[in-house]
Amino acid sequence: MTGASGLKGLRAVWHAHLPHDTAMPLNQRRWIAGEGSLTARLMSASSRFRVQRLAQGPQLPFADEWQALGLIRPVPAITREVLLICDEVPAVFAHTIVDPYRARRDWPFLRGLGNRPLGGALFVDPRVRRDPFQFARLSINHPLRQALQRVFPAFASVPMLPARRSVFRRGGGAMLVTEVFLPDLLTRAAPANIGAGGTRLPRRIDTHSKEERQAS
């Protein structure tokens, strides 16, 4: 049986405002609290940007997710995990879950998204609405940290990673997007906010892996 300390690691305390933390530099806070498309901001802060899809398929939502999505119980939901990579350095780990009952109707682009960024589809659609952000600090025991550490074991040495999440809505469908901010954004200069209404993508998105580029 999971003890109280184990449950604490499996859940995160989500706040309506970014908690004050003297260990969090102002530059990192600007990344986390910035409005608009995070993809567009990352692109404007790097010479080369790409998305690496890690996984996509049905998965049970985590203990602190399914209610946020509006589900009455935890059922398998379409789940997508990607890395947002700036200049070949992972900058953000993104985890998305979608209400399985309305996914095909309200998020038809999701199945064929591949290595393209989710933000490029969400912010150009006037029917998409985004709920306010929630913020948390994730310990190494949180399932999102565990998923990240399976790909990059070195991140297990970082005690806490800041994260934010928000629910996107289109029609009757809901999509919960959680973004975990990696150490690269401690020092990568945060650009000015790019408004949610008009997301301009200032540089080409590299949708191919390094291996694919070398083979071409």
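Residues numbered from 1 in each chain as written. Predicted model: local features only at pLDDT ≥ 70, side-chain atom pairs only at ≥ 80, totals over all residues. Heavy atoms only, no water.

> Can you help me understand the overall build of the chain in this one?
Within the chain, the regular secondary structure consists of seven helices and seven strands. Counting all 216 residues of the chain, 47% fall into the buried class. Restricting the contact set of the chain to residue pairs at least 6 apart, pairs at least 24 apart contribute 71%. For the chain, the accessible area works out to roughly 11,100 Å², and carbon and sulfur atoms hold 55% of it. (Helix = DSSP H or I, 4+ residues; strand = E, 2+ residues; numbered from the N terminus. Buried < 20%, exposed > 50% of the residue type's maximum accessible area, 1.4 Å probe, protein only. Contact = heavy atoms within 4.5 Å. Areas by Shrake-Rupley, 256 points an atom, 1.4 Å probe, with all protein chains shown as cover.)

> Could you clarify how one ought to interpret the packing of aromatic side chains in this entry?
Geometry of an aromatic ring pair is reported as the spacing of the ring centres plus the angle between the planes. According to the stated counting rule, one finds three aromatic pairs in the structure shown. Centre to centre, the rings of phenylalanine 123 and phenylalanine 168 are 6.0 Å apart; their planes meet at 85°, and the pair counts as edge-to-face. Of this pair, phenylalanine 123 sits in the loop between α5 (119-122) and β4 (129-130) while phenylalanine 168 sits in strand β6 (residues 160-170), and the two are 45 residues apart along the sequence. Overall, phenylalanine 168 belongs to the buried group, its relative accessible area being 4%. Between phenylalanine 133 and phenylalanine 135, the aromatic rings sit 5.9 Å apart at their centres with planes inclined by 55°, giving tilted as the arrangement. There is no split in this pair, since phenylalanine 133 and phenylalanine 135 are both buried. (Phe/Tyr/Trp six-rings, centres within 6.5 Å; stacked < 30°, edge-to-face > 60°.)

> Can you walk me through unusual backbone geometry in this structure?
Among all residues except glycine, the phi angle is most often negative; among peptide bonds, the trans geometry is most common. Unusually for a residue other than glycine, aspartate 87 sits at a positive phi of about 50°. Mapped onto the secondary structure, aspartate 87 falls in the loop between β2 (77-86) and β3 (89-98). For aspartate 87, a relative accessible area of 31% corresponds to the partly exposed category. For glutamate 88, which is not glycine, the phi torsion reads 65° and is therefore positive. Structurally, the position occupied by glutamate 88 is in the loop between β2 and β3.

> What is the right way to look at the nonpolar core in this model?
Nonpolar side chains tend to gather and get buried jointly when the protein is soluble and globular. Residues Leu42, Phe49, Leu84, Val92, Phe181 and Leu185 are the most contacted members of the largest nonpolar core, which totals 19 residues. Elements with a contribution of two residues or more to this core: α2 (26-33), α3 (38-44), β1 (49-59), β2 and β3. Beyond its immediate sequence surroundings of up to four residues, phenylalanine 181 is in contact with Trp31, Ile32, Leu38, Ala91, Val92, Leu161, Pro162, Ala163 and Arg164. Of all hydrophobic cores here, the second largest spans 17 residues; its members include Ala12, Phe155, Leu161 and Val180. (Core = buried A, V, L, I, M, F, W, Y, C linked by side-chain atoms within 4.5 Å.)

> Even after reading the chapter, I still don't get the environment of arginine 102, so can you show me in this structure?
Inspection of the secondary structure puts arginine 102 in the loop between β3 and α4 (103-106). Each C-alpha atom, one on arginine 102 and one on alanine 174, is 7.9 Å from the other, the two residues being 72 residues apart in sequence. Among all residues touching arginine 102, those that are not within four sequence positions of it are Trp107, Gly172 and Gly173.

> Looking at this structure, I do not really get empty space enclosed by the protein. What am I missing?
Unoccupied space between atoms shows up once a probe the size of one water molecule is rolled over them. According to the stated counting rule, one finds two cavities of 30 Å³ or more in the structure shown. In this structure, the largest cavity spans a volume of roughly 210 Å³. Around the largest cavity sit 20 residues that line it, and Thr39, Leu118, Gly119, Val177 and Glu179 are the ones nearest its centre. For the lining of the largest cavity, a count of residues per class yields 11 nonpolar, five polar and four charged. Counted as a void, the second largest cavity has a volume near 30 Å³. Considering the residues around the second largest cavity, the lining is formed by Leu18, Pro19, Met24, Ala136, Arg137 and Pro162. Residue classes in the lining of the second largest cavity are distributed as five nonpolar, no polar and one charged. (1 Å grid on protein atoms, 1.4 Å probe; cavity = no way out; pocket = protein on both sides within 12 Å on 5 of 7 lines; lining within 4 Å. Points joined across faces, edges and corners; volume = space filled by probe spheres on them. Nonpolar A, V, L, I, M, F, W, Y, C, P; charged D, E, K, R; others polar.)

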